[in-house]
Amino acid sequence: MKRCASLAALVLMVVALDAAAAAKAGSTAEPTAVSEAAAGAVADGRPEPWMVAERARIVQQREVAMDEFAAAQKACWQKFAVNDCLRRAQLARREKVDLLQRQEWVLNDLERRLRTQARLKALQDKQQN
């Protein structure tokens with residue numbers, strides 16, 4: 001439940017950033033703009049601190065899921081119904097890893113948007129000069 005809330009919060013943050021930046025720019029076409037500072041940070045090769053923290057959290061939770069699976073797998077070999085136990089352990093691991101992967105995809109999408117926006121801004125500035 002906590003993981004779902006974290007993903008939802010991340011998605012809402014992305015949508016809010018896009019909408020706020022689009023409103024600030026006066027654009028009604030497509031709300032894909034994000035803050036210039038964030039775009040500049042990603043374009044310079046240094047992602048936002050919250051992005052780094054979110055990636056670290058995802059990696060840490062993935063490691064925990066894999067450790068839990070290894071422990072469950074080891075415990076399964078002590079039971080009579082080994083295959084059923086292993087299947088349930090694999091399903092539990094897959095659910096956890098899939099959720100983390102979806103969170104990572106949202107983060108990757110945001111990072112791509114920021115890089116694209118920074119590159120487009122750099123090209124506009126170059127054309128104006």
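Residues numbered from 1 in each chain as written. Predicted model: local features only at pLDDT ≥ 70, side-chain atom pairs only at ≥ 80, totals over all residues. Heavy atoms only, no water.

Caption draft 1: Structural view of the overall build of the protein. The helix and strand inventory of the protein stands at four helices and zero strands. The burial tally for the protein puts 26% of its 129 residues in the buried class. When contacts within the protein are restricted to residue pairs at least 6 apart in sequence, long-range pairs at least 24 apart make up 72% of them. In the structure as shown, the protein presents an accessible area of about 8,900 Å², 58% of it carried by carbon and sulfur atoms. (Helix = DSSP H or I, 4+ residues; strand = E, 2+ residues; numbered from the N terminus. Buried < 20%, exposed > 50% of the residue type's maximum accessible area, 1.4 Å probe, protein only. Contact = heavy atoms within 4.5 Å. Areas by Shrake-Rupley, 256 points an atom, 1.4 Å probe, with all protein chains shown as cover.)

Caption draft 2: How the structure looks around the packing of aromatic side chains. Per the stated rule, a full pass over the model turns up zero aromatic pairs. The cationic tip of Arg93 hangs over the ring face of Phe69; the distance from NZ or CZ to the ring centre is 4.2 Å. (Phe/Tyr/Trp six-rings, centres within 6.5 Å; stacked < 30°, edge-to-face > 60°. Lys NZ or Arg CZ within 6 Å of the ring centre and 35° of its normal.)

Caption draft 3: Seen up close, the state of the cysteines. Tallied over the entire structure, the rule returns one disulfide. Across the disulfide, Cys76 is cross-linked to Cys85 (sulfur-sulfur distance 2.0 Å). Disulfide Cys76 to Cys85: torsion about the S-S bond roughly -70 degrees, handedness left-handed. (Disulfide = S-S within 2.5 Å.)

Caption draft 4: The pattern of salt bridges, seen in detail. Taken as a whole and judged by the stated rule, the model has nine salt bridges. A salt bridge links Glu54 to Arg57; its shortest N-O distance comes to 2.4 Å. Note that Glu54 and Arg57 are positioned in helix 3 (residues 49–76) at a spacing of three residues, about one turn of the helix. Exposure class is identical for Glu54 and Arg57. Each is buried. Two residues, Glu68 and Lys96, come together in a salt bridge whose shortest N-O distance is 2.3 Å. Taken as a pair, Glu68 in helix 3 and Lys96 in helix 4 (residues 82–128) lie far apart in primary sequence, 28 residues in all. Sharing partners across several salt bridges, the network here consists of Asp84, Arg87 and Arg88. (Salt bridge = Lys/Arg side-chain N within 4 Å of Asp/Glu carboxyl O.)

Caption draft 5: Broad picture of the side chain of Glu111. Assignment of secondary structure puts Glu111 in helix 4. Taking relative accessible area as the criterion, Glu111 reaches 16% and is therefore assigned buried. Of the polar contacts made by the side chain of Glu111, one reaches the side chain of Arg55; its length is 2.5 Å. (Polar contact = N/O pair within 3.5 Å; in protein donor to acceptor, adjacent residues only side chain to side chain.)

Caption draft 6: Local environment of the packing of helix 3 against helix 4. Contact geometry of helix 3 with helix 4 gives a least axis separation of 9 Å together with a crossing angle of 170 degrees. Between helix 3 and helix 4, the crossing angle belongs to the class labelled roughly antiparallel. In terms of residue class, the contact of helix 3 with helix 4 is built from 17 nonpolar, six polar and nine charged. (Axes fitted to C-alpha atoms, helices over the stretch in contact; angles between N-to-C directions. Parallel < 35°, antiparallel > 145°, perpendicular 65-115°, else oblique. Nonpolar A, V, L, I, M, F, W, Y, C, P; charged D, E, K, R; others polar.)

Caption draft 7: Highlighting the environment of Leu91. Structurally, Leu91 can be placed in helix 4. Judged by its relative accessible area of 45%, Leu91 is partly exposed. Through-space distance from the C-alpha of Leu91 to that of Phe69 is 9.7 Å; in sequence the pair is 22 residues apart.

Caption draft 8: Expanded view of the environment of Asp67. Tracing the backbone shows Asp67 in helix 3. Look at Asp67 and you get exposed, because its relative accessible area is 55%. Between the C-alpha atom of Asp67 and that of Arg93, which follows or precedes it by 26 residues, the distance is 9.6 Å.

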